Amino acid sequence: MENILAKNYAPKEFEDRLYESWEESGAFGAIVDQDKKPYTIVMPPPNITGQLHMGHAFDHTLQDVLIRWKRMMGYNALWIPGSDHASIATEVKVADKIREEEGKTKEDLGREEFLRRAWEWKDTYGGKITRQIRRLGNSCDWSRERFTMDAGCNAAVTESFVRLYEKGLIYRGNRLINWCPSCGTSLSDAEVEHEEKTGKYYYINYPAVGGGSGIVVATSRPETMFGDTAVAVHPDDERYKDFVGKKVILPIVNIEIPVIADEYPDPEKGTGAVKITPAHDPNDFEVGERHQLGKPTCINLDATMNALAGKYEGLDRYACRKALLKELDEKGYLIKTEDKEIAIGACYRCDTVIEPMLSDQWFVSMHELAEPAIEKALSKELQHIPDRFEKTYLHWLTNIRDWCISRQLWWGHRIPAYYCQDCGEIVVARVAPVICPRCGSSRIKQDEDVLDTWFSSALWPFSTLGWPEKTEDLDYFYPTDVLVTGYDIIFFWVVRMVFSGLEMTGELPFKYVYVHGLVRDAEGRKMSKSLGNGVDPIEVIDQYGADALRFMLMTGVSPGNDLKFQIDKVEASRNFANKLWNASRFVLMTLGDDAEILAAMSLGNLPMAERGLLDEDKWMLSQLNCCVQEITTNLEKFDLSLAAQKIYELIWNTYCDWYIELVKARLYGSDEKDKAVARYNLVIVLKDMLKMLHPFMPFITEEIWSYLPKAVSTISIESNEAQENRKIDFLMRSQWPIYDAALAFPEETSKTELIMDMIRAIRNVRAEAEAAPSKKLKLMILSSGKELAFIQSGERHIKNLANIIEISYIQDKSQLPDEVMSSVISNVELFIPLDDLLDYQAEFERLSRESNKMKVEIQRIQDKLANQGFLAKAPAAIVEEEKAKCSNYEEMLAKISERLTMVGKKLV
RNA sequence: GGGAGCAUAGCUCAGCUGGGAGAGCGCCUGCCUUACAAGCAGGAUGUCAUAGGUUCGAUCCCUAUUGUUCCCACCA
């Protein structure tokens, strides 16, 4: 019995084994083949900082479903895995580790040693993550695995930097940047998180030079006053007209600063007068530029005050604020204090409040690069799914400012800029210069800084395929097809890949951006380390299997929306897997011995009409066929959740609940021909269902597939003789089912569905009458015409599934015994004699409910049909449909009423 | 300050271009029926946030309102 599945569904026993055999056999690999169409996805590279979280599981499952489906559709599907060095995040982690374990700072170790430690970290955690990715079942091509700091990516980064520099799109400038005092580096605008907080406005008087009333300015950051170079007022502000051109005194330090007129101050806000601190505020910086003011810095890189602050030198900026306010208050300069909501920028890595700081940094000039990226979205060459995210994308690009790309860190791509120590010449080059091209000096030093980690991520779709080399892979697999990512990194990553791709390769890096939501905990909170509410996907896999986790993540979600992680849902998915497992076990058990299997499978060689399929077989086939079409369409539209729902219903509700039950009698019967047909159809339907479920639940489907008799994988249900011509292989490499118009069987479908309706009606009556399920009942049927013929051909199903021992047909109700329960479905009346079991009161109530339900429906339709507008304007087909329904319901109501009257009489 | 999403059964959510409201979980009743109790059969439950509008017809389209979540933003 080696071809029968184990008794219990135990994913642990096969998931890892299957993954290994897939990987070893090269099933994940894509080889350039000009005869096949490529389908490419690059995996958003997880950071090497930690481990896989639920968000990765979600993101990866979406991609794996697409990749596995496209692969089965005959595409040359390539999914490139990799990981990201995550410059700042990793550097912080490594530095923390060194501090905790050795009590040393990174400066203690020095750059070289620190980088050695960072690489160690990468080897440890990078490896851990790739193992976790494997456990999810991701079918990525490991032979192409990349790292953002491997040789190829390094070359791409250098090439990209040099090209942009040569085009004048990268420049070095002394500008105001976001400085994180804790991480000790500059940050891009995207890396600053803004938060509204309750702060205070301080009104401070700046006395006029030579006495008289001064000017009161309002500020939320009094400690920056040491860097003030002016007080600005609006030119039209009458209150301050006389001050313009004169000077006021900066309190405490007693420095005279000018009062200037500028459009920037809003007379309606605060006092209408603004202190100008060009070195610590972006707006003030611009005012300073317009008026040629100095830009003195008063805060150090570690957020302490510098010498400009006089006696406050060395104090932390907030400690200084506190002390300064006290002194200002004591000396009468502090006029008043006011509560106010203030937007504060914080570092996205360490949450420290950002300090705007004047600094020499490298920038990417954005406007020229953003333009084509905007156009591609407007022209729909780049499509967002769902499309509302296009707004986010466009908003960011149209309001973009130059991108600060240099970071005062060690872990990352060192900037390919070289400075001559003698003449100060700056050389940006692909290869480090040996001598200065201007003065010939050999005293050349490379820039100490590294690049923003997102600079290399921006190149990911093509750097992973070999760019800047003109590789075969790049030529064939690029541009990629779809990028799958969360909405939280559209700014960081998506926009930058788009403009980088357009600039470097002249092409969009992908056609579609599939944007998904975040995985939240059961209460809807973001999963985070600090809350401790994160659920480890690996633990879930250990307990329920990867298939259950994947299926849970793929169902009940709509594109772009967040997903709450609930273990109940994982359990439900696991139960579904178990259901499929058992159904498959049943099918395999009933297949018989080799000769019987062969006999059954040989039916596949016959034309459809000669296979001896019965009504229920054809019904099942047409259900399957509809599903093939629907699921394929859903996947094409990126409605993965709907596709998953459809296959779930097909397997559980259609195949397990009905088809297997309908077919059991034949399997247990003695008619060998009948049995063979049932076996044949059961297994070929199972085969196609496994295929359609495979992208969602790759492990269990592959495992079951491996137990199917060899003969099964080579036969086809397609109506023609064009059958799959291939040897048995992995399910993951099999061909996706194709919709076949010849597999629609409307006659057999309505026949089977009538029988099913009758079975449901009988079960209902039985339950209402509280007749034991084991009690065999008799059934009398009053019907005529087409329905009568249908019923007669389905008698055995009614007997088997509704536990009926005898069916008789009557011409009119005079033939009925007294004690009988009844049910009506269109043009069929069912009567079940119940003798002692009949409870007239309950029967009366049940019929009343039925009757009322019917009346409501009829009323609704009649209202509709009485509406002249409806008759005149609604499509004819709809009107006809409504009319047909109405007469059907009316007939049913008449029959129910008749019964009701009879039962009513008994009650009296 | 600007923008977006969400509001549907007790809970979590589906509902594809407007034409009789769905699933899972939970709940009630009855079942260990030879694939499956991780199961089977039957059942109950919704002014589809509110108010208008468009339409023959609105959970679906438009407007406003309320509640809620999120994103963006250099206004002291």
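Residues numbered from 1 in each chain as written. Chains lettered and ligands numbered in written order. Predicted model: local features only at pLDDT ≥ 70, side-chain atom pairs only at ≥ 80, totals over all residues. Heavy atoms only, no water.

Asks: So, helix α18 (residues 594-601): which residues are in play, and what are the values?
Replies: Among the residues making up α18, those that are buried are I597, A600 and M601. For α18, the buried positions fall inside an angular range of 90° around the axis, keeping them on one side. Residues of α18 that are exposed and angled more than 90 degrees away from the buried face: A595 and L598. Of the residues flanking the start of α18, the one acting as N-cap is D593, its side-chain oxygen 3.1 Å from the backbone nitrogen of A595. (Buried < 20%, exposed > 50% of the residue type's maximum accessible area, 1.4 Å probe, protein only. Helix = DSSP H or I, 4+ residues; strand = E, 2+ residues; numbered from the N terminus. Arc of directions from axis to C-beta. Polar contact = N/O pair within 3.5 Å; in protein donor to acceptor, adjacent residues only side chain to side chain.)

Asks: Can you explain the nonpolar core? Please cite residues and give values.
Replies: Ranked by internal contacts, the top residues of the largest apolar core, which has 138 residues, are Y655, F696 and I798. For this core, the element with the most residues is helix α20 (residues 640-668), which contributes 14 residues. Excluding residues that lie within four positions of it along the chain, I798 makes contacts with I755, M758, I759, I762, L779, I791, N803, I804 and I807. By size, the runner-up hydrophobic cluster in this structure holds 70 residues, among which are C183, V192, M497 and L508. (Core = buried A, V, L, I, M, F, W, Y, C linked by side-chain atoms within 4.5 Å. Contact = heavy atoms within 4.5 Å.)

Asks: Quick one: what's the story with the packing of aromatic side chains, residue by residue and with numbers?
Replies: Tallied over the entire structure, the rule returns 36 aromatic pairs. Each ring, one from W121 and one from Y125, has its centre 4.1 Å from the other, and the planes form 25°; the classification is stacked. Linking W121 with Y125, this pair stays in helix α5 (residues 111-136), spanning four residues, or about one helical turn. W121 gets classed as buried once you look at its relative accessible area, which sits at 9%. With relative accessibility at 24%, the residue Y125 sits in the partly exposed group. When the ring of Y655 is compared with that of Y659, the centres are 6.0 Å apart and the planes differ by 40°; the resulting orientation is tilted. Separated by four residues within a single helix, Y655 and Y659 lie in helix α20, roughly one turn from each other. Each member of the pair, Y655 together with Y659, is buried. (Phe/Tyr/Trp six-rings, centres within 6.5 Å; stacked < 30°, edge-to-face > 60°.)

Asks: Tell me what's going on with the sheet that holds strand β16 (residues 403-404), and back it up with residues and numbers.
Replies: What the four strands build is an open sheet, ordered β6-β5-β14-β16; its pairing is antiparallel. Here the strands that pair on one side only, and so sit at the sheet edges, are β6 (185-187) and β16. Of the strand pairs in this sheet, strand β5 (residues 170-180) and strand β14 (residues 355-364) are connected by ten bridges, and their pairing is antiparallel. Residue pairing across strands places R175 opposite S359, the latter belonging to β14. (Pairing = 2+ DSSP bridges.)

Asks: Hey, could you go over the protein's contact with RNA strand B for me, with residue numbers and the actual values?
Replies: Around RNA strand B, the structure places 64 residues, and the nearest of them are K269, N283, R574, K873 and Y889. Backbone sugar and phosphate groups make up 60% of those atoms of RNA strand B lying within 4 Å of the protein. Take N764: an N or O atom from its side chain is 2.9 Å from a phosphate oxygen of RNA strand B. Interatomic distance of 2.6 Å between a side-chain N/O atom of N867 and a sugar or linking oxygen of RNA strand B. Here the surface near RNA strand B gets eleven residues from one element, more than from any other, and that element is helix α17 (residues 567-590). Its residues placed into classes, the surface near RNA strand B shows 25 nonpolar, 17 polar and 22 charged. (Near = heavy atom within 4 Å. Nonpolar A, V, L, I, M, F, W, Y, C, P; charged D, E, K, R; others polar.)

Asks: Give a detailed account of the packing of helix α27 (residues 840-866) against helix α29 (residues 876-907), specifying residues and quantitative values.
Replies: Between α27 and α29, whose axes approach to 8 Å, the crossing angle comes to 155°. With respect to each other, α27 and α29 are oriented roughly antiparallel. Seen along the crossing, α27 lies across α29 with a hand that is left-handed. Residue classes in the contact of α27 with α29 are distributed as 16 nonpolar, five polar and eleven charged. (Axes fitted to C-alpha atoms, helices over the stretch in contact; angles between N-to-C directions. Parallel < 35°, antiparallel > 145°, perpendicular 65-115°, else oblique. Left-handed = near helix turned anticlockwise from the far one by under 90°.)

Asks: Any chance you could break down the pattern of salt bridges for me, citing the residues and the numbers?
Replies: A complete count under the given rule lists 67 salt bridges for this structure. In this structure, R239 engages D237 in a salt bridge whose closest nitrogen and oxygen atoms are separated by 2.8 Å. By relative accessible area, D237 is classed as buried at 6%. Each of E102, E113, R116, R117 and E120 takes part in salt bridges that share partners, so that together they form one network. (Salt bridge = Lys/Arg side-chain N within 4 Å of Asp/Glu carboxyl O.)

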